[in-house]
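Coordinate analysis (summary)
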Amino acid sequence: MIERSETQINMKDYIKINPSDNVAVAISALSNGQEVNVDGVTFNLVSDIPAGHKFALKDIKEGENVIKYGFPIGHAKHDIAIGSFLDDHDIKTNLEGQLDYSDIKRRPVEKSVCAGGERTFEGFLRKDGQAGVRNEIWVIPTVGCVNGIAKQIVDKLNAETGAEGVDGIFAFPHNYGCSQLGDDHENTKKILRDMVLHPNAGGILVVGLGCENNQPKVFEQFCGDYDRDRVKFMVCQEVEGDEVEYGLNILRSLYEKAKEDKRTTLPASKLRIGLKCGGSDGFSGITANPLLGEFSDFLCDCQGGTTVLTEVPEMFGAETILMQRCADDNLLGETITLINDFKEYFLSHGEPVGENPSPGNKAGGISTLEEKALGCTQKSGKSEVKGVLAYGERIHNHGLNLLSAPGNDLVASTALAASGCQIVLFTTGRGTPFGTFVPTAKISTNSNLAKRKPDWIDFNAGVLVEDADMNDVAKKFADFVLDVASGKKVNSEKAGIHEIAIFKNGVTL
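Below is a summary of the structure that appears in this document. The structure displayed is predicted, hence computed values, not measured ones.

1. Thoughts on the overall build of the chain
Scanning the chain from terminus to terminus reveals 13 helices and 23 strands. Expected size for 509 residues packed as a compact globule is a radius of gyration near 23 Å; at 24 Å, the chain falls within 12% of this value. Expressed along its principal axes, the backbone C-alpha trace of the chain runs to roughly 80 × 50 × 40 Å. Burial analysis of the chain (509 residues in total) assigns 57% to the buried set. Pairs at least 24 residues apart make up 72% of the contacts formed inside the chain by residues separated by at least 6 positions.

Structure below.
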């Protein structure tokens, strides 16, 4: 975790996060002329400071680094007076293209102090040893042309059964599976394969057309050693007559079989949890993201479980922190490649590496990609990096993993779920209703958001700037995640939101 200043304990309206910072963050809106005292220095604000935004703790000269979290988040575009408001108009990124990182050395990682013993949850143990936290029925199209067929089959079975005895019956439409080349075609196949192999489904019907690039027979082979009792395939062009009724009969049999599955007590070591943030604000790196970091360390170091951090562009500016925590030199090399390959992706499209924060991020108090990254990477806690995954690759190492995927919320969350994560934990300071194909829990960075959007937010981390103790909140949060793993529905599930998005980079024919 990031070292925090002693002065933050008594600050109710603003916080200096790290002793070396030359900016502080307003916890509540501050007014021009208001007197503040930081580290024994008293001065008056010369601007109004919105909640979550930064103000200068000293005079900062043009070109001088702006320091937050103890690291540069860019440099001043012009002279900035003590007490001034700073946003993206005042700070410019220091980021550039690919680096060799030859001077990066791995550092020993201090293990978490573990207490409380082994935790458990009530889940579904699958034949291959994976654990599901849901027992759902899925219909997965191989190609967008049969999205309508998949929806009709699901709608009919839901109307017949009300999904009684299972956790839901869903179709997952997408635009792809045909007219794709190269990596795009492979990405589609990988994500759909990963869904076929995912433990949160008790029964899966894969619906193909027959003439698509993602040929159903080839795709079936690509899925490898899947559970043939749990997964069935249908090719619409090969069906005589009504393909909807034909598929419905298959799905009925899968449904009857899935109803027999029962939850059983399983160790938390079987949990694989995705870590994601979006619609961030100035509180993200102070409340919700550090809370996820505490949970990640608890699950990985204390329970033998697994977490996965993605959004590679939002590691830019904080990547060396992750590199130094790699468990061995091979992982260090893989992490360097992960970062530089994504930088090359930006540069190959003529896009600057540092242009990432969305309008919502900026409005919430995040000015540069470095600032976003230093808050974002806190979701990984302080554990060793034990695995590095390509896009569409499935988890094979316990502990903290890094996954190649963009920052886009739905694309990245889909990639996390596809890697094998049974739950995605999503921190947000702006709010979002979406959910991917696994439970997608929203953790608010501020209490105002939790109050305004109770149907979106599942857990409020904003209490961490309201005198709540991190240890107490972290324990409650661990209980919350284990409850979700045991069947408690998150708000996006209650709203019936289940979506996928597949990464696209190349030509569409």
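The rest of the description comes next.
2. Examining helix α7 (residues 329-348)
Under the 1.5 Å per step criterion, the end-to-end length of α7 is 28 Å for 20 residues, consistent within 8% with the ideal 28 Å. Taken together, the buried positions of α7 are occupied by Leu331, Leu332, Thr335, Ile336, Leu338, Ile339, Asn340, Phe342, Lys343 and Phe346. Looking at the packing, one finds that the buried side of α7 touches α6 (319-324), β19 (385-389) and β20 (399-403). Where α7 begins, the capping side chain belongs to Asp328, and its oxygen is found 3.1 Å from the backbone nitrogen of Asn330. In the segment just after α7, Gly350 is the residue with positive phi, at about 70°.

3. Topic: the pairing of β20
Among the five residues that make up β20, five are buried, leaving the element largely enclosed by the rest of the structure. Sheet topology places strand β18 (residues 306-309) next to β20; four bridges connect them, and they run parallel. Among the inter-strand pairings, Thr307 is bridged to a residue of β20, identified as Leu400. Taken together, the four bridges between β19 and β20 define a ladder with parallel strand orientation. Across the sheet, residue Val388 finds its bridge partner in β20, namely Leu402.

4. Remarks on the side chain of His174
Relative to the assigned elements, His174 resides in the loop between β13 (169-171) and α2 (182-196). Assessed through its relative accessible area of 5%, His174 is described here as buried. Within the structure, His174 has its side chain in polar contact with the backbone nitrogen of Tyr176 (distance 3.1 Å). The contact partners of His174, leaving out residues within four places of it in the chain, are Pro141, Thr142, Val143, Gly144, Asn147, Leu192, Ile500 and Ile502.

5. Quick look at the side chain of Lys276
Within the secondary structure layout, Lys276 lies in strand β17 (residues 272-277). A polar atom in the side chain of Lys276 sits 2.7 Å from the side chain of Glu311. Within the structure, Lys276 has its side chain in polar contact with the backbone oxygen of Gly407 (distance 3.1 Å). With near-sequence residues (within four places) excluded, Lys276 lies in contact with Glu311, Lys379, Gly407, Asn408, Asp409, Ala412, Ser413, Leu416, Val424, Leu425, Phe426 and Thr427.

6. Quick notes on the sheet that holds strand β2 (residues 23-26)
One open sheet holds the four strands; their spatial order is β1-β2-β5-β8, and the pairing between them is antiparallel. Where the open sheet ends on each side, the last strands, each with one partner, are β1 (14-15) and β8 (85-86). Across two bridges, strand β5 (residues 54-56) lies against β8 in antiparallel orientation. Note that in β8 the partner of Phe55 across the bridge is Phe85.

Each value, and the rule that gives it
Residues numbered from 1 in each chain as written. Predicted model: local features only at pLDDT ≥ 70, side-chain atom pairs only at ≥ 80, totals over all residues. Heavy atoms only, no water. Helix = DSSP H or I, 4+ residues; strand = E, 2+ residues; numbered from the N terminus. Rg over C-alpha atoms; globule rule 2.2 N^0.38 Å. Buried < 20%, exposed > 50% of the residue type's maximum accessible area, 1.4 Å probe, protein only. Contact = heavy atoms within 4.5 Å. Expected span 1.5 Å × (residues − 1). Polar contact = N/O pair within 3.5 Å; in protein donor to acceptor, adjacent residues only side chain to side chain. Pairing = 2+ DSSP bridges.

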